[in-house]
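Topology and contacts: notes
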Amino acid sequence: MIKNRIDLITMGCSKNLVDSERLMGQLAACGYKMFHDADDVKGEIVIVNTCGFIGDAKEESINMILELSEAKKRRKIGQIFVMGCLSERYRTELLEEIPEIDRIYGKFDWKQILADLGHRWDDSLKAKRFRTTPSHYEYIKIGEGCNRMCAYCAIPLITGRYKSRPIEEIVEEISAFVANGVHEFQLIAQDLTGYGKDLYGRFNIAELVEKIAQIPGVEWIRLHYAYPNDFPLDLLPVMAKYPNVCKYLDIALQHASDHVLDRMLRHVTCKETEELLARIRKEVPGIHLRTTLMVGFPGETEEDFEFLVDFVKRQRFERMGAFAYSEEEGTYSARHYDDDVPADVKQSRLDKLMAVQEEITAEIQEEKVGKVLKVVIDREEGDYYVGRTEYDSPEVDLEVLVAVDSCDMEVGQFYNVKIKSAGVYELIGELVTE
């Protein structure tokens, strides 16, 4: 155990990561030595920023706390603080089940953490984040909460209603990052397309993206977590106009069957979804769409699932993830539906859907062979420089590999790379020097 050291471990999504960086910035200003997701935690305090989205994520957070409890018994670490989505919902239960937890906080109790350590939250440091990502990219959270109230989702119960950050504040934050050498930004929110309604009386994501695109030094802007219902169509010409707005959109659709979409309270039909996707592809040529789909939702029949498979085959998403339904306490579906799809059926449907997508991804990857693509280098690993195209977000999407012995490249820099061969999960390329 090292005095004056705090280890902060982030579980779950990039939105949690932003919260962790903000808290770490405050703690660092108070004089603590900060470490994030260290392989060998040994601080006098370890803070776990938990995830409570679905069953697997909750289990992962709980297992981390249990591991830290064992480390505490061996006096390898000092106190254990728990915060985030899981403790927001299950504070009492966690304390009862894991008495080794010293202090527990909700998702937004950051000021109380500082107070309990004898310090005050400093509002002048709101733009000072303790960065945990590589020096060339950053996540920018443009809003908190969600108004959608989908039947399966506990996020609105945890975070409350949508709260947008002012455009000026976001532009100021990004400008400061650019001044420090960051040139790629992932815009994130639980519902990116809902941005601005609470502040400006209308969806305002298009204006925000346009203002960011005009900041000198912003090389790439990537958009995550759009919603298909009430999609702000004025975003599309902005995406098409500015070359530094990546031709990439993460739009979680969850399902395609009208029967399942209705039960999910998604307020959109398959026909409306297909019309929207067609318009997006038409107005933003070359765009790569990432989506997330769910199998095994209560009441999903075999016919519903096969309809979803056919939908995926027709749409040919460039990027797709899927997961099996997990009943979450307090949600509409937990209160009103029986979790009636057996676990083995959920898994077999998930396996089949992902196998279909793997074939589609392989074909789309193969189409890139022979093309020259702009690539940012994230790291050097083994025999390769590892990078990404504008169509790929950090950690969740595909990568481009360039042999180290073939050229000299720098992490964080952009290069033109000619694609020589393709696999399902990576492209192999060579540096274009002309």
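Before reading on, note that the structure itself is shown above.
Residues numbered from 1 in each chain as written. Predicted model: local features only at pLDDT ≥ 70, side-chain atom pairs only at ≥ 80, totals over all residues. Heavy atoms only, no water.

**A look at the overall build of the protein chain**
- Tallying secondary structure elements over the protein chain gives 14 helices and 18 strands in all.
- In terms of C-alpha radius of gyration, the protein chain reaches 22 Å, essentially the compact-globule figure of 22 Å for 434 residues.
- Its C-alpha atoms give the protein chain principal-axis dimensions of about 60 × 55 × 45 Å.
- Burial statistics for the protein chain: of 434 residues in total, 55% are counted as buried.
- Taking the contacts inside the protein chain whose residues are at least 6 apart along the sequence as the reference set, 73% of them involve residues at least 24 apart.
- Only carbon and sulfur atoms are counted for the fraction: they give 48% of the accessible area of the protein chain, which is about 19,000 Å². (Helix = DSSP H or I, 4+ residues; strand = E, 2+ residues; numbered from the N terminus. Rg over C-alpha atoms; globule rule 2.2 N^0.38 Å. Buried < 20%, exposed > 50% of the residue type's maximum accessible area, 1.4 Å probe, protein only. Contact = heavy atoms within 4.5 Å. Areas by Shrake-Rupley, 256 points an atom, 1.4 Å probe, with all protein chains shown as cover.)

**Some thoughts on a negative patch on the surface**
- Side chains of Glu93, Glu96, Glu97 and Glu329 sit close together on the surface and give a patch of like negative charge.
- Along the chain, Glu96 turns up in helix α3 (residues 85–97). (Patch = residues over 30% accessible without salt bridge, like charges linked within 9 Å, V, L, I, M, F, W, Y side chains within 5 Å. Salt bridge = Lys/Arg side-chain N within 4 Å of Asp/Glu carboxyl O. Lys, Arg positive; Asp, Glu negative; His and termini not counted. Charge placed at Lys NZ, Arg CZ, Asp CG, Glu CD.)

**Topic: the sheet that holds strand β18 (residues 426–431)**
- Taken in spatial order, the five strands line up as β14-β15-β16-β18-β17 and close into a barrel, and their pairing is mixed. Taken over all neighbouring pairs, the strand axes of this sheet differ in orientation by 55 degrees on average, direction set aside.
- In terms of strand pairing, strand β15 (residues 384–388) meets strand β16 (residues 399–403) through four bridges, oriented antiparallel. Residue Tyr384 lies in a different strand from β16, and its bridge partner there is Ala403. (Pairing = 2+ DSSP bridges. Axes fitted to C-alpha atoms, helices over the stretch in contact; angles between N-to-C directions.)

**Digging into helix α11 (residues 270–283)**
- Here α11 contains 14 residues, and its C-alpha end-to-end distance of 20 Å stays within 8% of the 20 Å for a straight helix at 1.5 Å per residue.
- Every buried residue of α11 is listed here: Cys270, Thr273, Leu276, Leu277 and Ile280. Down the axis of α11, the sector holding all buried residues measures 125 degrees, keeping them to one side. Facing away from the buried side of α11 by more than 90 degrees, the exposed set consists of Lys271 and Lys282.
- As for α11, its buried residues are in contact with α9 (235–241), β11 (245–251), α10 (258–263), β12 (288–295) and α12 (302–315). (Expected span 1.5 Å × (residues − 1). Arc of directions from axis to C-beta.)

**Quick look at the packing of aromatic side chains**
- Per the counting criterion, the structure on display carries 10 aromatic pairs.
- Between the aromatic rings of Trp220 and Phe414, the centroid separation amounts to 4.8 Å while the plane-to-plane angle is 85 degrees, which identifies the pairing as edge-to-face. One end of the pair, Trp220, is in strand β10 (residues 220–226); the other, Phe414, is in strand β17 (residues 414–422), and 194 residues separate them in sequence.
- Taking the centre distance of 5.8 Å and the plane angle of 80 degrees together, the rings of Phe297 and Tyr337 count as edge-to-face. You can see Phe297 sitting in the loop between β12 and α12 and its partner Tyr337 sitting in the loop between α13 (332–336) and α14 (343–366), a full 40 residues away along the chain. (Phe/Tyr/Trp six-rings, centres within 6.5 Å; stacked < 30°, edge-to-face > 60°.)

**Notes on the pairing of β11**
- By the criterion of burial, β11 is predominantly enclosed, with seven of the seven residues buried.
- Pairing of β10 with β11 involves three bridges; the strand directions are parallel. Note that in β11 the partner of Leu223 across the bridge is Leu249.
- Regarding topology, α9 serves as the crossover connection from β10 to the parallel β11, and that connection is right-handed.
- Both β11 and β12 contribute to a ladder of three bridges, which runs parallel. The partner of Asp250 across the bridge, within β12, is Arg290. (Right-handed = clockwise from strand over helix to strand, strands pointing away.)

**Considerations on the side chain of Glu390**
- Inspection of the secondary structure puts Glu390 in the loop between β15 and β16.
- Despite its burial, Glu390 remains without a salt bridge, the nearest opposite charge being carried by Lys247 at 4.9 Å.
- A polar side-chain atom of Glu390 sits 2.8 Å from the main-chain amide nitrogen of Lys247.
- Those residues within four positions of Glu390 in sequence are excluded, and the remaining contacts are Trp220, Arg222, Val245, Cys246, Lys247, Tyr248 and Lys374. (Polar contact = N/O pair within 3.5 Å; in protein donor to acceptor, adjacent residues only side chain to side chain.)

**Overview of the environment of Glu70**
- Within the secondary structure, Glu70 is located in helix α2 (residues 55–73).
- Looking at Glu70, the relative accessible area reads 40%, which means it is partly exposed.
- In this structure, the C-alpha to C-alpha distance between Glu70 and Glu100, residues 30 residues apart in sequence, is 8.9 Å.

**Quick notes on unusual backbone geometry**
- Notably, Leu265 is not glycine yet its phi reads approximately 60 degrees, a positive angle.
- Turning to its location among the elements, Leu265 is positioned in the loop between α10 and α11.
- The backbone of His267 shows a phi angle near 60 degrees, a positive value even though the residue is not glycine.
- Relative to the helices and strands, His267 resides in the loop between α10 and α11.

**A short note on the sheet that holds β10**
- Taken together, the six strands give an open sheet; going across it, the order is β6-β9-β10-β11-β12-β13, and neighbouring strands pair in parallel fashion. What marks the edges here is a single partner per strand, and that holds for β6 (137–141) and β13 (319–324). Averaged over all neighbouring strand pairs, the angle between strand axes comes to 15 degrees, with direction disregarded.
- Packed on one face of the sheet, helix α6 (residues 167–179) meets β6 and β9 (184–188) and runs near 170 degrees to β6.

**A look at the pattern of salt bridges**
- Enumeration according to the criterion identifies 38 salt bridges in this entry.
- Two residues, Glu173 and Arg129, come together in a salt bridge whose shortest N-O distance is 2.9 Å. In this pair, Glu173 is assigned in helix α6 and Arg129 in the loop between α4 (110–116) and β6, connecting sequence segments 44 residues apart.
- Salt bridges linked by common partners bring Glu21, Arg129, Arg131, Glu138, Arg165, Glu169 and Glu173 together as one network.

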